[in-house]
Amino acid sequence: MKPRLLVTSLLVLGLAACGSTSDTSSQTSTPPSSDLGAVKKDDALAALLPPEIASAGKLRVGSNIQNPPNNFYDQDGKTPLGSEVDLVKAISAKLGLTAEHSDMAFSSLITSLETGRVDVTMAAMNDTAERQQKIDFVDYFTSGITIMVQKGNPQGVKSVDDLCGKGIAVNLGSSQEQFAKEQSEKCKAAGKPEVQLSVTDSDTGNQNQLRTGRVAAILNDLPTAVYVSKTAGDGQYFEVVPLAPINGGPYGIGVNKKNAKLSEAIKGALQSLIDDGTYEKILTTWDIKQGAITKAAINGK
C-alpha cells in the first residue's frame, strides 16, 4: 500500500491483533523519491508571507498521515512520505521555509487550523463550498471518490446502486462519508436496504474490515484507492471498481481565513512549481499525473 508497503505492514499488524496472519514477503525496500534539490527560494514570493511565519522559518502542516500515495510514514514510523509531503516541502522551499508535519485525526484538521495549532492543512481534503465557510483552500490536485473492493469483487459491487444494503467503510468527516449517507437515502427512497455505514478514523482499520469481509467496499479518493489496490499484498488483496470518479473535485491546502497573505504566498509558490515542471515531476514520481492541474487557485478561483 506504500512504496515500502508500510501500510501492508500495518495491515498485517492489524490482522494479527484480530487473530489472523498475513504474508509480508511482498514488501520492498526503496520508496519513490522526488528530487527537490533544485527548488530554490523565491524572494518575491517569500515577501508575501505573514511576518510571524517568515520569522519562524517553518510552515506547520496539519495532516492525517495514513493516506498513500498522498501522505504516509516510512518504515521508521516517523518520516512522512508521499506526493503531498513532497509538494508541501517544495512549496515551503520556494518560500524559504521548512515544512513541519503534525499528524492528527482527519476530523480535527479544520479545528486545529482555526485555533492556530497549525498554519495549513494538507490531507487529501476536498475543497467544498461547505468547508469554504470555515477555511480557505489553495487547490493543488483534482480527484474523486472511488469504490475499492476485495480482489475478485466477491460481493459484485459494480455501481453505486450496488452499495445498497452492503457494509461500506469510510473515514470520519470525509466527503466519502457524506456521499455514502446521501446514497443510503437514495437506496431507501428506491425501496432498497440502506447502506450499512462503518465510519472510522483509520484507513488501515477500514482495509482490515474489507480484507476480512466485514464490509463489502471502501470509499476512498482515487489516488489512494489505486495505490492500495496495486501494492497491498502485492496487488492480491483489493481492486478498484472500474467507474468514473464520483463527485470529482479539487484537493485543497487549507488556510485560516484570517491569513489571506499566506494563501496568496502558497498559491504563488504552487504556480511557480507548476510552471517550472517540479509539480509534474512530483506527481509522476507517485504515479498520479491524471489529477494534475495547470493553474493554482484559491477556493476554485
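Up top is the structure.
This structure is a prediction, so every number in the text was calculated from the model and none was measured. (Residues numbered from 1 in each chain as written. Predicted model: local features only at pLDDT ≥ 70, side-chain atom pairs only at ≥ 80, totals over all residues. Heavy atoms only, no water.)

Visitor: What is the right way to look at helix 4 (residues 83–94) in this model?
Guide: In an α-helix, one full turn covers 3.6 residues, which means residues spaced three or four apart are oriented alike. For helix 4, built from twelve residues, the straight-helix expectation of 16 Å at 1.5 Å per residue is met to within 8% by its first-to-last C-alpha distance of 16 Å. Of all twelve residues making up helix 4, ten are buried, and the element is well covered by its neighbours. If you check which residues of helix 4 are buried, you get Ser 83, Glu 84, Val 85, Asp 86, Leu 87, Val 88, Ala 90, Ile 91, Ser 92 and Lys 94. (Helix = DSSP H or I, 4+ residues; strand = E, 2+ residues; numbered from the N terminus. Expected span 1.5 Å × (residues − 1). Buried < 20%, exposed > 50% of the residue type's maximum accessible area, 1.4 Å probe, protein only.)

Visitor: Looking at this structure, how should I read the packing of aromatic side chains?
Guide: Centre distance and the angle of the planes are the two values used to describe a pair of aromatic rings. Across all of its chains, the model carries four aromatic pairs by this definition. Note that Arg 211 overlies the ring of Tyr 237, its terminal NZ or CZ placed 3.6 Å from the centroid. (Phe/Tyr/Trp six-rings, centres within 6.5 Å; stacked < 30°, edge-to-face > 60°. Lys NZ or Arg CZ within 6 Å of the ring centre and 35° of its normal.)

Visitor: Honestly, the nonpolar core in this entry has me stumped. Any pointers?
Guide: Counting 40 residues, the largest nonpolar core has Leu 87, Ile 91, Leu 95, Ile 266, Leu 270 and Tyr 279 as its most contacted members. Breaking this core down by element, the ones donating at least two residues are strand 1 (58–63), helix 4, strand 6 (135–150), strand 11 (246–256), helix 10 (260–276) and helix 11 (278–285). In terms of residue count, the dominant contributor to this core is helix 10 (seven residues). Within the second largest apolar cluster, 17 residues are counted, among which are Ile 145, Leu 163, Val 241 and Ile 246. (Core = buried A, V, L, I, M, F, W, Y, C linked by side-chain atoms within 4.5 Å.)

Visitor: Could you clarify how one ought to interpret the pattern of salt bridges in this entry?
Guide: Counting across every chain of the model gives eight salt bridges. Between Lys 94 and Asp 276 there is a salt bridge, with its nearest N and O atoms 3.5 Å apart. Within this pair, whereas Lys 94 is found in helix 4, its partner Asp 276 is found in helix 10, the two being separated by 182 residues in sequence. Owing to a relative accessible area of 42%, Asp 276 belongs among the partly exposed residues under this scheme. Across the pair Lys 181 and Glu 177 runs a salt bridge whose closest N-O atoms are separated by 3.0 Å. Residue Lys 181 and its partner Glu 177 are located together in helix 7 (residues 175–189), separated by four residues, close to a single helical turn. (Salt bridge = Lys/Arg side-chain N within 4 Å of Asp/Glu carboxyl O.)

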